[in-house]
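Spelled out, the chains give:
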Amino acid sequence: MSGLPEASSFAGRVDGLFFAMLVLSAVVMLAVFVTMTVFAVRFRRGRNVDRSGESHRDLGIELTWTLIPFALFVGIFAWSIHLWIDMRTPPADAETIYVVGKQWMWEFQHPGGQREINTLHVATGHPVRLVMTSQDVIHDLSVPAFRVKQDILPGRYTDLWFTATRPGTYDLFCAEYCGTDHSRMGGSVVVETPAAHARWLAAHASGSLAERGRTLFTRYGCAGCHDAGSSVHAPRLEGLYGSTVPLADGRQVTADERYLHDSIVLPAEEVAAGYAPIMPSYKDRIDEADILALIAYLKIRGTERESPHAPR
Amino acid sequence: MHRAESSYLTEGSTLASWLTTHDHKRIAILYAVAITFFFFLGGIAAALIRLELATPHGDLMSADTYNKTFTFHGVVMVWFFLIPSIPNTLGNFLLPLMIGARDVAFPRLNLFSWYLYLLGGLFTVTCLLLGGVDTGWTFYTPFSTLFSNTHVVLAVVGVFIVGFSSILTGLNFIVTIHTLRTEGMTWLRLPLFVWSMYGVSLVMMLATPVLAMTLSLLAIERLTGVGIFDPSLGGDPLLFQHFFWFYSHPAVYIMVLPSMGVVSELITASVRRKIFGYRFMVYSIIGIAVVGFLVWGHHMFVAGQSMYASIVFSILSFIIAVPSAIKVFNWTATLYKGDITFGAPMIYALGFVGLFMLGGLTGLFLAATALDVNLTDTYFVVAHFHYIMVGGAVMAYLGGIHFWWPKITGRLYSEGWARFAAILMFLGFNLTFFPQFLAGAEGMPRRYYRYPDEYALLNVLSSAGAVLLAASYLLPVGYLLWSMRFGERAGPDPWGAKGLEWETASPPPSHNFERPPVVTDGPYAYVHP
Amino acid sequence: MPEPASPFDDLAQQHEAAQLGMWAFLATEILFFGVLFTGYTVMRLLWPDAFVAGSRHTDLPLGAIETGVLLTSSFTAAWALQAVKRSRPREAGWLLLFTATMGVAFLGIHGAEYRHDYLSGVIPGIRYDEVGDNAPREALFFVLYYVTTGFHALHVLIGVVLLCILARLAFRGDFLPENHAPLEVGTLYWHLVDIVWIFVFPLYYQVGRA
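Computed from a predicted structure; not experimentally measured.

1. Considering the interface of chain B and chain A
1) Next: Listed as interface residues are 63 residues of chain B and, on the opposing side, 63 residues of chain A.
2) Next: Within the residue set of the side of chain B that touches chain A, elements represented by two or more residues are α3 (63-98), α5 (143-147), α10 (307-334), α11 (344-367) and α12 (369-375) of chain B.
3) Next: Ranked by the residues each element gives to the side of chain B that touches chain A, the list is headed by α10 of chain B, at twelve residues.
4) Next: Among the residues making up the side of chain B that touches chain A, the classes are represented as 40 nonpolar, 14 polar and nine charged.

Quick look at the structure:
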């Protein structure tokens, strides 16, 4: 990966493992090739050499070259898994950016409400978690310079995280074949210093994502049932995010992004205990980007962060 | 020897006598002809792909045409060439000979499988003529069910039908090996090629039904608009991937196990020694066939499956590399104290070992989850599986065709041309696919018809290599066909090789042996001084 | 004595090959149905309520009758095999015909079920009148139901044809107590058809009715 910049906190560690395996593979290849060549030259037809005796049928030899590779493989496995579990475990303080993939573009939504198409701005030094979903087929967000890649599926959220380390502009690809313009479904990640990133955010602020969500909450009519003054018996949503919800069928679920998403598009599936399943499905009536904005709003609804400024 | 000598080739010369034959040797020839046709059909698609990628800007064909081209290349090469290649040609021809039988257990079923293969091929070619299919050979949902506007159902039906050909061949071979071994041919006296056919038949029989049923569900979903893979109904597109790879990973071993068997025969005959560690070679074939069913999830490390599933699939994928390593070491050790000649089959075999080793070692990179995240869906993967399937399986197939050519046709090919083609193939192959490792390691995604300029140099090298590779595939067609008419006549055993197939005439008589052979010794009974 | 077919040395070898071939075939069948049952398991775990709701549309009494019919037919098939072993080929012929009739009866009842399903509009993609939030996920149940039972019915149909041929061979006196490989293979196949149904019945007809 010599030509590829190392632009995230994973990159160095991934490359370390890569080069370790490269060296190991080279040693094995070389050893086998040299042995083969020596045998091939020494025992070629016409050479007068000692060919007597049966081949070794030594169990020891077979076990040696069974167990040594096995031990090596287990070692590499352990190294790789250790690194990979880190790559799959976003830190709690990571900033969440929502991503929607659709044929054939990327849409990014920052928590501050900034929306971008095909370009993603992030700051160095701060962990970023991308929560992603697809509006149509399976896509895959890949940033080789960060050594991260994750498929994006319709109907569910997947995530990946990274901490960018080096300012610059890096390729972003769709890595899962998604139809005609798969090879054009790319863009770039712009990594900036924290100060530059703050300036960029300020210049592109347009009301936070949560505020957009609040507007949508009214526009889609959610408030009609879920507001405190409503006459409809509907669950209160204040402080819902992250809490444990008892369901009508006796199960309990954590109100995470998936639960909120599904409750909007498939409200009949996981009905909160004590409520009638009267909410209509919003499937096909709301796009994924708007759902993400609603989720961002639900996360802060009822907390002191909800109204730092007077409502507009 | 005079021309009037009767052999399976002289039994009848009319087209009808070929198309209604029950003789496993003639059916092998039928397969060889059909498979060669599809190989070059897929090869043309490959040539178009490399031509398009010679420049980064996507200026030869449209994106849709490119997508259809690589899909067609994949579908044809996987299902109509690689999977049937060695089992249905060399396997059909040699399996009964090697175990001293008159034929396979179910000769009519054998012919029927060939017709199924043709019927499947007919659907696939029809699909191409009507405009093709653009889903990739993996047919991932929901793209294939809800979004693609191409002839997905036709392509899927073609694969479905050819799958039955595969199942029936596997079943036939299993029963043949179990019931038709000649007197004295005990299990541990079977040549490794027969063992590899046994392993591959198990996989064909037990994995292919899963593909067939999965593709049926896909076709039904596409036709009716309702199905269990559709996320908008609450279905699960990942379930499709699980089913698909449950078949398609073992399918990789369908492609490579027979190659291992062929190479074991080629090396022992060229070295004139017993194979080193016969029992371990047998165990590793069975080990690969069985564990091959348990590693499919390593195709899905970034697909969204659970972290714990990935951990299990990762360790199992490392474990399955162990038997492959054992095989490489045993082949190397077989050379020790040999009486080695370097005919074309040996060059192919050594080429196979080298390319297979590189393919296998890079497979370990992909089994390591942390590296796979970066490498999967890039050209690194493309290079890796071409090293196994083209560098491995095709080299072994051609090596085997050369080695048994005198047995099949009764004629010797031109040794000089054959060596030249083998070496050209090795060089052309490496020039084509090694640069793809580098492009992939630097992040170039697969299935892109245009790509960033920084990958241009590597792609030009790769396309140049493809020219050499194409030449090395065309050459054997020329000199092998030439040899059928003008080649020197071969005796029963031109290489001085051991094995029952060399104890009968070349070409063999219709009933294979004058009288049923009796086996008194293990395989590869070369006399060590 | 009949002659062994071409690649075989003797009848015992041919018999062994036929039996092994059938067992191998049954193994592939299990994998075919295995995909459907795996798909069923995954979907039911995802959407338990929809599966209960879907299952209410299946006809439990008819399903039970079908089960009885198939079990009876499996019994008579086994009986036919015993009859041949005791040198009573005509008895075997009648038993095989009876078995085939049971197979036809099964198909008839199942056809009636499909017709009823069509009338009540629970065939996704053709006529689907279910409404409500659960309707799409109920459709998943129905897709699996029709693919599984349809694929099974195809097996029954093939089995009926096989049984008729076997009955003819039995009447003609082709089966001897020591040589009746086709009959063994054929009845083995019929038992598989039966066993698959034993799984289909509770999975599709009895969800939430335990």
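Still more to cover.
2. Remarks on the domain arrangement of chain A
All names here are of chain A.
1) Next: In terms of domain boundaries, chain A breaks down into domain 1 (95-203) and domain 2 (209-302).
2) Next: Inter-centroid distance (C-alpha atoms) of domain 1 to domain 2 is 26 Å.
3) Next: Of the residues lining the interface, 13 residues belong to domain 1; the matching set on domain 2 comes to twelve residues.
4) Next: Counting only elements with at least two residues in the side of domain 1 that touches domain 2, the list comes to β1 (95-102), β2 (105-109) and β5 (127-134).
5) Next: Looking at the side of domain 1 that touches domain 2 residue by residue, the classes come out as five nonpolar, six polar and two charged.

3. A look at unusual backbone geometry
1) Next: Here the bond from Q103 of chain A into W104 of chain A is cis, since omega is -10°, no more than 30 degrees from zero.
2) Next: Of note, W104 of chain A is situated in the loop between β1 and β2.
3) Next: Cis rather than trans, the peptide bond between S506 of chain B and P507 of chain B has omega equal to -10°.
4) Next: Not every positive phi belongs to a glycine, and N512 of chain B is a case in point at roughly 75°.
5) Next: Positionally, N512 of chain B belongs in the segment after α15 (456-486).

4. Some remarks on the interface of chain C and chain B
1) Next: Contacts between the two partners involve 29 residues from chain C and, on the opposite side, 34 residues from chain B.
2) Next: Those elements giving two or more residues to the side of chain C that touches chain B turn out to be α1 (11-46) and α5 (135-172) of chain C.
3) Next: The dominant element in the side of chain C that touches chain B, judged by the number of residues it contributes, is α1 of chain C, at 17 residues.
4) Next: Grouping the amino acids of the side of chain C that touches chain B by side-chain chemistry returns 21 nonpolar, six polar and two charged.

What counts and what doesn't
Residues numbered from 1 in each chain as written. Chains lettered and ligands numbered in written order. Predicted model: local features only at pLDDT ≥ 70, side-chain atom pairs only at ≥ 80, totals over all residues. Contact = placed C-beta atoms within 7 Å. Helix = DSSP H or I, 4+ residues; strand = E, 2+ residues; numbered from the N terminus. Nonpolar A, V, L, I, M, F, W, Y, C, P; charged D, E, K, R; others polar. Domains from an automatic or database assignment.

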